Structures are given as C-alpha cells and as structure tokens.
Amino acid sequence: MNNSSVTITIDGETVEVDVGRTILDGCRSAGVDTPTLCHGDNLTPSNVCRVCVVEVEGSRTLVPSCSRPAEEGMVVATDSERVRHSRKMVLEFLGSAVDVSQARDVDHDSDLSVWSDHYGADPTRYGDQVAKSSAPLKREDDLYVRDYDKCVLCYKCVEACGDDAQHTFAIAVSGRGFDAHISTEFDAALPDSACVYCGNCVAVCPTGALQFTTEFDLRKAADWRPEDQHVARTVCSYCGVGCNLELHVQDNTIVKVTSPSDHDVTSGMLCIKGRFGWQYVQPRF
Ligand code: SF4
Ligand code: SF4
Ligand code: FES
C-alpha cells in the first residue's frame, strides 16, 4: 500500500486500486468481467440495478461493486455461488418485468443477454405473476423515441439531464412502486417540457428505452447493422469548445452521433448542435 492506492484481493489475485476508486475499477484492471446496467463511467453511481454485486469477506450483504470504494485488505469474490445466484435472480426479475432485449453496457459495449446466458437466467419461470410493462411508445419529435417498455428505471437519464451533466432537470422518476416511471414535469409532451434536446439521456440509456430516431427506424426495418458501421472521430464545428464527436456511419450515412465518455472536454455529453446538427453533411435525412 502507498498513499495513493490500496491493495485488495479479487478472486485470489492481488490488485492495486487507486484510492477512491471502486471494486468495479479493481475488477476491470484485473481483467475480471463484471455485468453493469445502471453504472455509467461518466455518471454518479445510483446503485439501483444490482447486477454488479460481489461478495466481500466480512460483509453481511453482497455489495454493489460499481459504487463501493475499494478498501485496503478487502477480499472480494466475484464468482461465488451467492454472487452467481443473486445476479441470476436480478437478471430474471428485470427480464420478467421489461423488455431487456437491447440492454447493454453502453460504455464497454457488452450485451446483457450474454450475462443472462452465462448465469442461466430464465425470466419466464415466473409465468404471468409479474405484469410486463406496457407503456405506449412516445414519438413526439424527429430526434428521438421513448419506448418505456424497455425502461429498467436505472436513473442514468435522470442523472445525465440533472446534476451530472445537463443541469436541465427535464425528467425525473415520478410515481411510486409499480407506478414509478420516467416523466417530464406534469407528464408534459417533450416539446412542451424543459428539455433542450441535447440527447445526453439517449446516449447513456442502457436498454434502448431512449433511442435516436435514426437508430429506432433502422432497427424497426431490421436494417440496424452495427457490424457494418464505422465510427469516425471528429471535432464539432459549431463553436470553439472542442467537443469530440463520434460519427456512426452505415452505408455512407450518419446514423447517430456520440462522444466518448472518457473525453476530457465532453465526458460523453453533447449539446443539441453536436448531437443532432449533422444533417447539413447529408441533406437527404
Ligand atoms: S434531451 Fe437533454 S434536456 Fe432533454 S430530457 Fe434528455 S438530457 Fe434532459
Ligand atoms: S429511460 Fe433508459 S436511462 Fe432512463 S431510467 Fe429508463 S432505462 Fe434508465
Ligand atoms: S451497475 Fe452496480 S448497481 Fe447497477
């Protein structure tokens, strides 16, 4: 141990973790894959999904690795029977209540379905005891679509719209229990709300509940082909801040724009111009 790092053990391996970093950071630097859903590299952890839990020696309960800071001498197990059982149950509960077919770790490009298969999660074993969400699709503008049948209430969009990036606070969780849902103020249509259409909520959403209209339409037409897309990095031309853009291009056409979550100017967040103002490059969209 030195003043800037702590030493922990993960699955029997000794790992150095910078002070203040989490168990998840330690897992990543040790090459231990860990499922996450509500975690974002550029967001304050909200700790709500619990797919990332691990066992810490001496701790009565499993702990969320995404938010628990690593402490000197911690002994962590990421693949114990208890951890596997808990992750499996969480994945089943999520899958039994909402459509998680598109759920993925946005920052690390891994699909949740891989983890469901890994743990043998079977959401159908609860039969119809759990009501599937049936929220109507909201398509209120040309820029993005809200499909809350896919929403796992992970809070990432709320954080991106609020304290962690945009400070617009256009959306929040409204209602309690089974009525809890992401909502604008007084459930106003998005164009009538405080939303400034930065699209940062869309960029962080891990399930496809929020999607760029271009992506949504291509998926609907069964023509969304990430394997055929290339990503061109450029600098936004609208002002002098220097935001980096990743242009996702399919068939020579821009299909969406993101920014890397580890970029020191944007931290993955953009404004409406950088995010959506690319039609001038290809006027046919
Ligand atoms: S587009 Fe921006 S302002 Fe609008 S809800 Fe999303 S994060 Fe908030
Ligand atoms: S809309 Fe997406 S980002 Fe927002 S709470 Fe639902 S799943 Fe999470
Ligand atoms: S990713 Fe850790 S609680 Fe959701």
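Residues numbered from 1 in each chain as written. Chains lettered and ligands numbered in written order. Predicted model: local features only at pLDDT ≥ 70, side-chain atom pairs only at ≥ 80, totals over all residues.

### So, the domain arrangement of the protein chain
Link 1 in the chain: We note that the domain assignment places domain 1 (1–132) and domain 2 (144–281) within the protein chain.
Link 2 in the chain: A straight line from the C-alpha centre of domain 1 to that of domain 2 covers 24 Å.
Link 3 in the chain: Listed per partner, the contact involves 20 residues of domain 1 and 19 residues of domain 2.
Link 4 in the chain: Residue composition of the side of domain 1 that touches domain 2, by class: ten nonpolar, five polar and five charged. (Domains from an automatic or database assignment. Contact = placed C-beta atoms within 7 Å. Nonpolar A, V, L, I, M, F, W, Y, C, P; charged D, E, K, R; others polar.)

### Remarks on the site of ligand 2
Link 1 in the chain: Around ligand 2, the structure places 13 residues, and the nearest of them are Cys151, Cys154, Cys157, Cys205 and Ala209.
Link 2 in the chain: By residue class, the composition of the shell around ligand 2 is eleven nonpolar, one polar and one charged. (Near = placed C-beta within 6 Å.)

### Brief notes about helix H2 (residues 81–97)
Link 1 in the chain: Helix length check: H2, at 17 residues, gives a terminal C-alpha distance of 25 Å against a target of 24 Å (1.5 Å per residue), a fit within 8%.
Link 2 in the chain: Residues Val83, Arg87, Val90, Leu91, Glu92, Leu94, Gly95 and Ser96 constitute the buried set of H2. (Helix = DSSP H or I, 4+ residues; strand = E, 2+ residues; numbered from the N terminus. Expected span 1.5 Å × (residues − 1). Buried ≥ 20, exposed ≤ 12 C-beta atoms within 10 Å, placed from the backbone.)

### Digging into the site of ligand 1
Link 1 in the chain: Around ligand 1 there are 13 residues in total, and Cys161, Thr168, Cys195, Cys198 and Cys201 lie nearest to it.
Link 2 in the chain: Looking at the shell around ligand 1, the elements with two or more residues in it are helix H4 (156–161) and helix H5 (200–204).
Link 3 in the chain: Along the lines of polarity and charge, the residues of the shell around ligand 1 split into nine nonpolar, four polar and no charged.

### Points about the environment of isoleucine 182
Link 1 in the chain: With respect to the element layout, isoleucine 182 can be found in strand S10 (residues 181–184).
Link 2 in the chain: As a C-alpha pair, isoleucine 182 and valine 152 span 30 residues in sequence and 9.9 Å in three-dimensional space.
Link 3 in the chain: Not counting chain neighbours up to four residues away, the residues in contact with isoleucine 182 comprise Tyr148, Cys151, Cys157, Val158, Ile171 and Val173.

### A closer look at the environment of leucine 43
Link 1 in the chain: Position of leucine 43 relative to the elements: it lies in the loop between helix H1 (23–29) and strand S3 (53–56).
Link 2 in the chain: In this view, leucine 43 contacts Lys156, Glu159, Ala160, Asp164 and Val204; residues no more than four positions away in its chain are not counted.

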